[in-house]
Amino acid sequence: PNSPYKDEANYYRGMAYLANKDYGTGLLIFYDLQENSARYAAAAAYQIAYSYFQKEEYSIAKDSIVAFINRYPKAKERKDAVSTLAEICFKLKDWSEALSWYQDNYRKTELEPKEKAVIDLRRAECFLHVAKFDSARVLLAQDFSHYPDLMNQANLLFGKLLLAEKKDELAISYLTRV
């Protein structure tokens, strides 16, 4: 059909295939959109890159998302791409690079307060892994009580920080709150 809505319909069709983990069909649709639809090229490119993250192929996902960010630096999907890239680096235990991408996400996008709190916990964990305990402490000093679902993670990370600083008794008090 020659409908003016064809590309949009194909985009959402591709999304449905990816949601159902039918990556082959979904990716074919997105590769076609990336090549043949100026309006959906960037969005399709992001979905192609993101599909590797969904499949837990983190090294390929990382390369694909970096390529997406470089090719489409002003795309509306950039915020999601940077956030995903930070998570990929976190999963790959590349703590310094994860910190860099989390910081980029902080600087260049508007985040909801809870999104900031989640990112701060991720950043604190990265700082723990690179032995920057003062930076981790600053992030963990904030009040996470507004987000009860984040309290256990905050207490666990603070306990780990205190253990790393050889403050075992205090660490135990935080770890028993988890």
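Please read these numbers as outputs of a predicted model, since none were measured by experiment.

A. Representation of unusual backbone geometry in the model. Phi is positive for K21, close to 65 degrees, though the residue is something other than glycine. With respect to the secondary-structure elements, K21 resides in the loop between α1 (6-19) and α2 (23-36). Judged by relative accessible area, which is 60%, K21 ranks as exposed. Of note, the phi angle at E56 is positive, near 60 degrees, even though the residue is not glycine. One can find E56 in the loop between α3 (41-54) and α4 (58-71).

B. Summary view of helix α8 (residues 133-140). Every buried residue of α8 is listed here: A136, L139 and L140. All buried residues of α8 fall inside an arc of 95 degrees around its axis, so they share one side. Away from its buried face by more than 90 degrees, α8 exposes D134 and V138. Tucked inside the fold, the buried residues of α8 contact α7 (113-129) and α9 (148-164).

C. Representation of α9 in the model. Between its first and last C-alpha atoms α9 spans 25 Å; for 17 residues at 1.5 Å apiece the expected length is 24 Å, and the two agree. Regarding α9, the residues found buried are L150, A154, N155, L157, F158, G159, L161 and L162. As for α9, its buried residues are in contact with α7, α8 and α10 (168-175). Once α9 ends, the next one or two residues include K166, with phi positive near 65 degrees.

D. A look at the environment of Y46. Within the secondary structure layout, Y46 lies in helix α3. Residue classification places Y46 among the buried residues on the basis of a relative accessible area of 6%. Taking the C-alpha atoms as reference points, Y46 and Q34, separated by 12 residues in sequence, lie 9.4 Å from one another. Excluding residues that lie within four positions of it along the chain, Y46 makes contacts with F68, E77, D80, A81 and T84. Here T84 takes part through its side chain, which lies 3.2 Å from a polar atom of the side chain of Y46.

E. View of the packing of aromatic side chains. Across all of its chains, the model carries 10 aromatic pairs by this definition. Taken together, the aromatic side chains of Y46, Y50, F53, Y58, F68 and Y72 make up a single cluster linked through ring pairs. Just above the ring of Y23 sits the side chain of K55; from NZ or CZ to the centre is 5.3 Å. The lysine or arginine in question, R177, covers the ring of Y174, its NZ or CZ lying 4.2 Å from the ring centre.

F. Summary view of the nonpolar core. Grouped together as the largest cluster of nonpolar side chains are 58 residues, with contacts concentrated most on F68 and I69. Apart from the residues lying within four places of it in its own chain, the contact partners of I69 are R78, A81, V82, L85 and W101.

G. Representation of the pattern of salt bridges. Overall, the coordinates contain 10 salt bridges when judged by the stated rule. In this structure, D104 engages R107 in a salt bridge whose closest nitrogen and oxygen atoms are separated by 3.6 Å. Residue D104 and its partner R107 are located together in helix α6 (residues 95-108), separated by 3 residues, close to a single helical turn. The shortest N-O distance in the salt bridge between K114 and D149 comes to 2.6 Å.

H. Here's a closer look at the packing of α3 against helix α5 (residues 78-91). With their axes 11 Å apart at the nearest point, α3 and α5 run at an angle of 25 degrees to one another. When the interaxial angle is binned, α3 and α5 end up roughly parallel. Of the two possible hands of crossing, α3 and α5 adopt the one that is left-handed. Together, Y46, Y50 and F53 of α3 and D80, A81, T84, E87, I88 and K91 of α5 make up the contact between the two elements. Of the residues assigned to the contact of α3 with α5, the class counts are 5 nonpolar, 1 polar and 3 charged.

Calculation notes
- Residue numbering note: each chain is counted from 1, following its sequence as written.
- Where totals are concerned, whole chains, interfaces and linings use all residues; where local detail is concerned, this predicted model gives features only for residues with pLDDT of at least 70, and gives and counts side-chain atom pairs only at 80 or more.
- As a convention, hydrogens and water are excluded, and side-chain values are obtained from all of the structure's heavy atoms.
- Numbered from the N terminus, helices here are DSSP runs of H or I no shorter than four residues, and strands are runs of E no shorter than two.
- Exposure categories follow from relative accessible area, calculated using a 1.4 Å probe and restricted to protein chains: below 20% of the type maximum is buried, above 50% is exposed, and the middle band is partly exposed.
- The arc refers to the directions leading from the helix axis to the C-beta atoms.
- Any two residues whose heavy atoms approach within 4.5 Å at even a single point are treated as in contact.
- The span you would expect from a helix comes to 1.5 Å times its residue count less one.
- Counting of polar contacts relies on pairs of N or O atoms within 3.5 Å, with two restrictions inside protein: one atom must be capable of donating a hydrogen and the other of accepting it, and residues adjacent in sequence are counted only when both atoms are side-chain atoms.
- By convention, a stacked pair of Phe, Tyr or Trp rings (six-membered ring in the case of Trp) has centres within 6.5 Å and planes under 30 degrees apart, an edge-to-face pair has planes over 60 apart, and any other such pair is tilted.
- Two conditions define a charge located above a ring, namely a distance within 6 Å from the ring centre to NZ of Lys or CZ of Arg, and an angle within 35 degrees of the ring normal.
- Within this scheme, the nonpolar core is defined by two criteria: the residues are buried Ala, Val, Leu, Ile, Met, Phe, Trp, Tyr or Cys, and they are joined through side-chain atoms within 4.5 Å.
- For this document, the term salt bridge refers to a Lys or Arg side-chain nitrogen within 4 Å of an Asp or Glu carboxyl oxygen.
- To get an axis, a line is fitted to the C-alpha atoms, and for a helix only the part in contact is used. The angle between two axes follows their N-to-C directions and goes from 0 to 180 degrees.
- In this scheme, roughly parallel covers angles under 35 degrees and roughly antiparallel covers those over 145, while 65 to 115 is roughly perpendicular and the rest are oblique.
- Take the far helix as the reference: if the near one is turned anticlockwise from it by less than a right angle, the crossing is left-handed, and if turned clockwise, right-handed.
- Gly is put with the polar residues, along with every residue not named as nonpolar or charged; the nonpolar set is Ala, Val, Leu, Ile, Met, Phe, Trp, Tyr, Cys and Pro, and the charged set is Asp, Glu, Lys and Arg.

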